[in-house]
Protein chains: 2
Amino acid sequence: MKSIQFNAHHSPVGAFASLTLGFPGAKGGLGHELKGPADEPFYVGLEEADREGYYQALPFFEAAEDKSADYDVEGHNAEFSYPNRISHFPWESISRQFAACMDEWSAGDLKFRVITPYPAVPDPTLGDSEGLKNAICPGVLIEVEVDNSLSQRVRKVFLGYAGSDRYDGVRVIDQKGLVGVGQGVSVALATNEPGFKVGVAWRPEMVINSRQPDNEPFLIGSTGILWTAVPPGEKRTYRFAAGFFREGTATTGIKARYLYRRFFNSIEEVLNHTLSRADSLTAEAKTQDASFATGLSEDRAFMHAHAVRSYYGATELLEREDGSPLWVVNEGEYRMMNTLDLTIDQLFFELKMNPWTVRNELDLFVERYAYEDTIQFPGDDTKYPGGLSFSHDMGVSNNFSSPGNSSYEQGGLKGCFSYMTAEQLLNWSICASVYGLKTGDFGWLKGKRETLKNCLASMLNRDNPDPAQRNGVISLDSSRCFGGAEITTYDSLDVSLGQARNNLYLAVKGWAAYKLIAKVFADLGLTQEAKTAAEQAAKAEATILAAVDTDGTMPAIIGEGVPARLIPAIEGLVYLDYLCFDLSDSKPLVEALKNHLTTVLTKGVCKFEEGGWKLSSTSDNSWLSKIYLCQAIAENILGFAPDLEADKAHVNWLLDPANAYFAWSDQMLAGKACGSRYYPRGVTSTLWLSE
Amino acid sequence: MKSIQFNAHHSPVGAFASLTLGFPGAKGGLGHELKGPADEPFYVGLEEADREGYYQALPFFEAAEDKSADYDVEGHNAEFSYPNRISHFPWESISRQFAACMDEWSAGDLKFRVITPYPAVPDPTLGDSEGLKNAICPGVLIEVEVDNSLSQRVRKVFLGYAGSDRYDGVRVIDQKGLVGVGQGVSVALATNEPGFKVGVAWRPEMVINSRQPDNEPFLIGSTGILWTAVPPGEKRTYRFAAGFFREGTATTGIKARYLYRRFFNSIEEVLNHTLSRADSLTAEAKTQDASFATGLSEDRAFMHAHAVRSYYGATELLEREDGSPLWVVNEGEYRMMNTLDLTIDQLFFELKMNPWTVRNELDLFVERYAYEDTIQFPGDDTKYPGGLSFSHDMGVSNNFSSPGNSSYEQGGLKGCFSYMTAEQLLNWSICASVYGLKTGDFGWLKGKRETLKNCLASMLNRDNPDPAQRNGVISLDSSRCFGGAEITTYDSLDVSLGQARNNLYLAVKGWAAYKLIAKVFADLGLTQEAKTAAEQAAKAEATILAAVDTDGTMPAIIGEGVPARLIPAIEGLVYLDYLCFDLSDSKPLVEALKNHLTTVLTKGVCKFEEGGWKLSSTSDNSWLSKIYLCQAIAENILGFAPDLEADKAHVNWLLDPANAYFAWSDQMLAGKACGSRYYPRGVTSTLWLSE
């Protein structure tokens, strides 16, 4: 049996918010714009069947400490302390049903469900609608089910949490038809069920076992509890909403507010709206969970559901001062915004769920995060014309960076934090082509005609300033590196993937980019550009094929004698296959990549001992999102059978007690989440699903 | 020499904000709506005269850790790490000039000054004005002075901090004439000096010693640094502003925003306005510092300055949805809002600085935080009519509590967190009388005529339901206690001050309240009420005098045989003296209190061994604000000489390394700040100043 002790996001769409739960202890809670779980105690519990005043609750809290000592320094106040009366349901008595939209824990006579469908978000530029309002309402539905049918006693049931915000204390919401607890105007937990009582105290026992039930909320406490009494012999289901809300300016650099502010003026409105849609939300969640798992093995269904959750927890739909929408995916624990080398991996999922968001991201890269550079050969100060590229990201932690600059890239480096100029150029070009060709949005492609031409020119320059010497592969570094060297998205890998120049992964990706824009230029009637791009693709193909070694593998860096071999050599294939390109005239390259993968995909080379995939033969660093992507390529394009042993190993990585706190994480150092934790990029798993 | 290693607030007026600095380590910073220091590293440093690239800085930070390992998990990135080049100025080389409005550190060739005058705040109901805007602008002025006159080298000087907000990252402000760093839209540090550069990184060295000066800010870092190069042979002074800003809804329960939002739409506007007024702010600060220290010993000047700072750091001027102002003083580490038993102690200072705020607080107590109760004798369930009283506070941590309820008071208790019904009734009655009589605002007193009559009726009922048995002293508890017992503001003391019934401290305070409202009723032409109140005062006086024991002291609880003796017996005298009441017909009581104090004010009774005052003979708990108050009474009314040994002991309490982190703290358990830390109530010290 697999462990159920793992955190998962439970998030609305575009609210950069998550009710994160599942890991033992006070390690989840109502997280709003955070880089990780809120680390708040969360309480959902039921009175024991046989002991009045004693409770069992899901183990999402630690044994509480008594804070009255801060006030009552000489300890005269024993009368105000309450003995511990809430024990954890033992883990072995708890079961969990986990899917992308429904997550349910069962223990004793209690069931606790969090329900988060992810409706398609209508393009906000097309106007407001009830559909848009429903899709982005920043609330999460919760159900607590109590089976008291076999009991002769009234039993109390409660739900609550202790707030961790340092600015606003825990408050009570008590309106007509809505009772709840929350912090400030930003997070809350509420119900519209009749008969619920609300309390605030240091610990839940002070509310549910209060010796003075008529006491007003003790607002000095930070624990807010909602409770009611379940009649004997009955089975009841109670509904709650968790809400998230940011009222004012959400971001600087580009001043923006959350787009849901068009529809909601307060968190109370959010809570009411969520509760009013409970039936629809439940129905949507069930339908969507079935579709997210169709045809997947249990291991893959688990990983896909987990990845989808972590993706939505990172989404942030903003509205700029001119009313235009701005879609942001935050980069998990790093919180960088719209990191372009994540965008390209999330592309397939975004195109499935909300295609307009891809266009929105690409447009902002052109509008604000494009730049022109000069380029240099390594060790040579001579500057050649470079051309257009795009920054690594758009900022970090709700601050948009200045035009043309990421929050991340720094000059003078050869490793992590150096520029990714060439890769981001490829990324934008590929994303734009795939978006335009997949959705058929030719109007948009036409509008990007000059940008695409500039992209091609920039790719050519980065191959070689001398047209006669071009081989289809990146050979120069941006002068923005100040003598350093460009890197790739695999920023913390060794040189096998770290270096951009002559990188095999980028070479194949560049080949695909040339093929894609050749098609776009042809469709746009730009015959000359189409021809140039196609020629470059052919040169790249030749260069890559020439790099094949005697054992049939290709080195990670072409022509530099490195021993490293890597799986992501095959990445470039995915875009062409996704668009159903005819690859028959690229058969030698496809075959070479297949041979390469077949050879490297062995333990000790590009597999860990327990069977998990290892992206580079010379590094223990592996990224799950890229593994999912390469698995889909291997199976869908290269004809590999699904690697069930690998899937099992990857699930074990995510469920490792050292990793499971971070929900879905990407970067694994020999199976330990060492970076890119609490991360959105795992939705490359969408490629496992047949369309 | 006294220690200079203590935190102090540096605060604008009414912004609930403080640039707290002075304690060693990362224990201060830009605190906004916090219960204590922000615990952020703060950097102000200068390049060494003899070593290029090495710096000395004031020791308000810890040795930094290198965070690049979170990203560069295999450690390939040594090129991006910067060696530690900033050392602390040794404490013994630092001097500090500390006053209420100016705080200056000098070390080597560097001076660092924070300048915070506290202008009178015009009553906002009288309309907007430049004076109001200036008074409540939520910015703090900073000066950094570098004496490079003896040096032949350019030396870099820098100022910055590392942000601790978990929602918004550190950003750069770079506008025409303003360069700065900050977090989100809420806190920032900026300068309008030409030639300053700005950077963001993990550590200051990455900015000031950057190997690539052309790099853009590394926004992933949380350290924001402003720096410039000081020319050789020159002496320069650079000005900065620290700003605080909350854009939207600041409080729930009563929905309100900061009143400064009338004048400022962004933190950048706040920073610019603060910098534009640098000369005026400096001049105001100097004038005010002189006046705050006039006639005070060094020890008392220190404590008064410290208390004034902590008071202003707790002030929060809000605007309700109807545009009316709402003045809040937050209760230090507890963050309760407008705690009425603090209001009465802060009364003298508020009446000096901003009399309208007292009226504002009293009005809101009547509007929303008044209640009517029934009352009971201890151990008896019979309920008698009680009457009007007021809640202990108005809420906590930016959440206003529900009408008629505090965040603090709970039924069923006999100690801490029980009701303070009788004391708060006296507190409101006294504050209202003192406000009206001192300011001559008879229009307001007239408007409160019915309220005052209800206060009198309530005081009478709480004495005894049977008029014939009244003795001028509280004998019943509110039924809100649900069988518990009322307490006093000394909530965590033993029974000597904890119990309200027959409490000597409350008896004298009640006597004063009767005298005061008798005068008010007389002035309002309510002859019968004036007579009743005067009779009650006489009864109280007789009761108190009858309690005098053979040794000339009075017991803490009248008639219950307790051994405790206490200093605050004399508190009630202060209001009458403050209003210049003729006390000649109360001579026996005044004499009795003088005898009492003379006797108890000895070591082992109401003095600690080192000379500090001990409010109760039976508890080690002491409150500095109350000591200051009682010192003023002893000297101004009872003819005691200033107790210099006690002053010294009290200064030592505040400067104790265990306490000095909390700036000014109130509650001391044998000299250790154990509660009421980071607290506003110390401004009772204003009574040390002759008017």
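Because the structure is predicted, anything quoted here is derived from the model rather than measured.

**A closer look at the overall build of chain A**
Stage number 1. For chain A, the count of helices and strands is 17 helices and 27 strands.
Stage number 2. For 691 residues, the compact-globule estimate of 2.2 N^0.38 gives 26 Å, and the C-alpha radius of gyration of chain A, at 27 Å, lies within 12% of that figure.
Stage number 3. With the C-alpha coordinates aligned to their principal axes, the bounding extent of chain A is approximately 90 × 55 × 50 Å.
Stage number 4. With 691 residues in all, chain A has 69% of them scored as buried.
Stage number 5. A separation of at least 24 residues holds for 70% of the contacts in chain A among residues at least 6 apart in sequence.
Stage number 6. In the structure as shown, chain A presents an accessible area of about 21,500 Å², 50% of it carried by carbon and sulfur atoms.
Stage number 7. Of the charged side chains in chain A, 63 are positive and 89 negative; the average position of the first set lies 2 Å away from that of the second.

**A closer look at the interface of chain B and chain A**
Stage number 1. Contacts between the two partners involve 73 residues from chain B and, on the opposite side, 73 residues from chain A.
Stage number 2. Note on chain B versus chain A: buried area summed over both sides is about 6,000 Å², and carbon and sulfur give 52% of it.
Stage number 3. The interface formed by chain B and chain A includes 28 residue pairs in polar contact (both at pLDDT 80 or more).
Stage number 4. Among the residues forming the side of chain B that touches chain A, the class breakdown is 25 nonpolar, 29 polar and 19 charged.

**Remarks on the relation of the copies chain B and chain A**
Stage number 1. Each copy superposes on the other: chain B lies on chain A with an RMSD of 0.0 Å after a rotation of 180 degrees and an axial shift of 0.0 Å. Overall, the copies show the geometry of a two-fold rotation axis. Residue Gly248(B) of chain B places its C-alpha closer to the rotation axis than any other residue of that unit, at 2.9 Å.
Stage number 2. A high fraction, 100%, of the interface residues of chain B reappear at the interface in chain A, so the copies pair face to face through one surface.

**Here's the deal with the pairing of strand β16 (residues 235-244) of chain B**
Where a strand is regular, its side chains alternate between the two sheet faces.
All names here are of chain B.
Stage number 1. Two elements, strand β9 (residues 139-147) and β16, share nine bridges in a ladder whose sense is antiparallel. Bridged to Glu145 within β16 is Thr237.
Stage number 2. As defined by bridge partners, strand β13 (residues 187-191) adjoins β16 across five bridges and the pair is classed as antiparallel. Counterpart to Ala188 in the pairing with β16 is Gly243.

**A look at the packing of aromatic side chains**
Stage number 1. Summed over all chains, the structure comprises 78 aromatic pairs over all chains.
Stage number 2. Taking 5.7 Å as the distance between ring centres and 80 degrees as the angle between the ring planes, the aromatic pair formed by Phe608(A) and Trp653(A) counts as edge-to-face. In this pair, Phe608(A) sits in the loop between α15 (587-600) and β25 (621-623) while Trp653(A) sits in helix α17 (residues 644-655), placing the two residues 45 residues apart along the sequence. As far as burial versus exposure is concerned, Phe608(A) and Trp653(A) are alike and both buried.
Stage number 3. Members of the aromatic cluster, joined through ring pairs, are Phe365(A), Tyr369(A), Phe390(A), Trp428(A), Tyr435(A) and Trp444(A).
Stage number 4. Positioned above the aromatic ring of Tyr578(B) is the side chain of Lys438(B), whose terminal nitrogen or guanidinium carbon lies 4.2 Å from the ring centre.
Stage number 5. We note Arg480(B) situated over the ring of Tyr371(B); from NZ or CZ to the ring centre the distance is 3.5 Å.

**Some thoughts on the confidence of the model for chain A**
Stage number 1. With 97% of its residues at a pLDDT of at least 70, chain A reaches an overall mean of 95.
Stage number 2. Interface confidence for the predicted complex, given as ipTM, is 0.95, next to a pTM of 0.96.

**Considerations on unusual backbone geometry**
Glycine aside, residues mostly have negative phi, and peptide bonds are mostly found in the trans state.
Stage number 1. Phi angles above zero are rare outside glycine, and Phe482(A) is one such case at about 50 degrees.
Stage number 2. Tracing the backbone through its elements, the reader meets Phe482(A) in the loop between β24 (477-478) and α11 (495-498).

Calculation rules
Residues numbered from 1 in each chain as written. Chains lettered and ligands numbered in written order. Predicted model: local features only at pLDDT ≥ 70, side-chain atom pairs only at ≥ 80, totals over all residues. Heavy atoms only, no water. Helix = DSSP H or I, 4+ residues; strand = E, 2+ residues; numbered from the N terminus. Rg over C-alpha atoms; globule rule 2.2 N^0.38 Å. Buried < 20%, exposed > 50% of the residue type's maximum accessible area, 1.4 Å probe, protein only. Contact = heavy atoms within 4.5 Å. Areas by Shrake-Rupley, 256 points an atom, 1.4 Å probe, with all protein chains shown as cover. Lys, Arg positive; Asp, Glu negative; His and termini not counted. Charge placed at Lys NZ, Arg CZ, Asp CG, Glu CD. Buried area = accessible area lost by both parts, 1.4 Å probe. Polar contact = N/O pair within 3.5 Å; in protein donor to acceptor, adjacent residues only side chain to side chain. Nonpolar A, V, L, I, M, F, W, Y, C, P; charged D, E, K, R; others polar. Least-squares fit on C-alpha atoms with pLDDT ≥ 70 in both. Pairing = 2+ DSSP bridges. Phe/Tyr/Trp six-rings, centres within 6.5 Å; stacked < 30°, edge-to-face > 60°. Lys NZ or Arg CZ within 6 Å of the ring centre and 35° of its normal. pLDDT = per-residue confidence, 0-100.

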